[in-house]
Amino acid sequence: MSEYRDRDHIKSYVKRATRMSEHQRQSYERLYGAYCIERTSSPVDPASFFEHQQSPVVLEIGFGMGHATAEVAAATPRVNYLGVEVYKPGVGKLLSRIDDRGLDNVRIIHDDAILVLEQMIPDESLAGIHLFFPDPWPKKRHHKRRIVRPALTRLMARRLEPNGYLYMVTDWREYALAAMEVLDATEALRNRYDGFAPPQPWRPPTAFERKGLRADRPILELYYVRSG
Ligand SMILES: C[S@@+](CC[C@H](N)C(=O)[O-])C[C@H]1O[C@@H](n2cnc3c(N)ncnc32)[C@H](O)[C@@H]1O
């Protein structure tokens, strides 16, 4: 039994009402079989989901509507991106983006990324983990739902290859500071920068980013590397 399960798998999301556009629904139905992978309860090499099995695999936790995923994947075709999202309309939307742009380096798991990380991803199999605007859970009693919490950062570190990276971006300052503390205390990770990271030029802005900026919340970036 893994270490965070003793807290009885606290979910990092709440089920939102599923309002799918007709286009998202059709994309989901038509393209699920081509690009989606079912979660398994035993480890599977994530490279095996992709056409280019020699390419590194980056896991994205909670891709939302998949805007950044599709942009980054189109810009770096020799990297495989495995996006995990629980929100069905977002899965439908990313499926249509994959199809429209003919991307062969994106696969999706429509499920809970924590379970995927725990059960399905082998140790040292990921070149990177992207965590863009994770739900901040601002109330203190909800902090336990945050993805960046000690047992999970230890798990993420184990799933990264040596020198693999964990890249988190948030507009929630208090979460960013708490995450930095948790990541600094994660033995297998080291901060690639001194404090917050400079914006990585290859990361496109997302709707959540614009929302944060409109509310005068600066964007904070954290970039950690697996040390050995
Ligand atoms: C605030 S949104 C950010 C979406 C996107 N990354 C962006 O920047 O636009 C957070 C997303 O994480 C997803 N999420 C939260 N916990 C998750 C989990 N355990 N597994 C998969 N997705 C999750 C939510 O459904 C939501 O779409």
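One can find the structure itself at the top, above this paragraph.
Parameters and conventions
- Residues numbered from 1 in each chain as written.
- Predicted model: local features only at pLDDT ≥ 70, side-chain atom pairs only at ≥ 80, totals over all residues.
- Near = placed C-beta within 6 Å.
- Helix = DSSP H or I, 4+ residues; strand = E, 2+ residues; numbered from the N terminus.
- Nonpolar A, V, L, I, M, F, W, Y, C, P; charged D, E, K, R; others polar.
- Axes fitted to C-alpha atoms, helices over the stretch in contact; angles between N-to-C directions.
- Parallel < 35°, antiparallel > 145°, perpendicular 65-115°, else oblique.
- Left-handed = near helix turned anticlockwise from the far one by under 90°.
- Contact = placed C-beta atoms within 7 Å.
- Pairing = 2+ DSSP bridges.

Student: Just to check I follow, could you spell out the site of the ligand for this structure?
Tutor: Inspection of the region around the ligand gives 21 residues, with Gly 62, Gly 64, Ala 113, Phe 133 and Thr 206 positioned closest. For the shell around the ligand, the elements supplying multiple residues, two or more each, are α4 (113-120) and α7 (207-214). A breakdown of the residues in the shell around the ligand according to their chemical character gives 13 nonpolar, 5 polar and 3 charged.

Student: Explain the packing of helix α2 (residues 67-75) against helix α3 (residues 88-101) here, please?
Tutor: When two helices pack together, their arrangement is captured by the angle between the axes and the distance separating the axes. It is the contact of α2 with α3, at a shortest axis distance of 9 Å, that shows an interaxial angle of 30 degrees. The orientation of α2 with respect to α3, classified from their angle, is roughly parallel. Remark: the crossing between α2 and α3 carries right-handed chirality. In this structure, α2 contributes Thr 69, Ala 70 and Ala 74 to the contact, and α3 contributes Leu 94, Arg 97, Ile 98 and Arg 101. Residue classes in the contact of α2 with α3 are distributed as 4 nonpolar, 1 polar and 2 charged.

Student: Any chance you could explain the sheet that holds strand β4 (residues 126-132) here in plain terms?
Tutor: Backbone-to-backbone hydrogen bonds pair the strands of a sheet. The strands run either parallel or antiparallel. Read across the sheet, 7 strands follow the order β3-β2-β1-β4-β5-β7-β6 without closing on themselves; strand pairing throughout is mixed. The open sheet terminates on both sides in strands that have one partner only, identified here as β3 (106-109) and β6 (189-191). Averaged over all neighbouring strand pairs, the angle between strand axes comes to 20 degrees, with direction disregarded. Bridge analysis of strand β2 (residues 80-84) against β3 gives 4 bridges, and the strand direction is parallel. Among the inter-strand pairings, Gly 83 is bridged to a residue of β3, identified as Ile 108.

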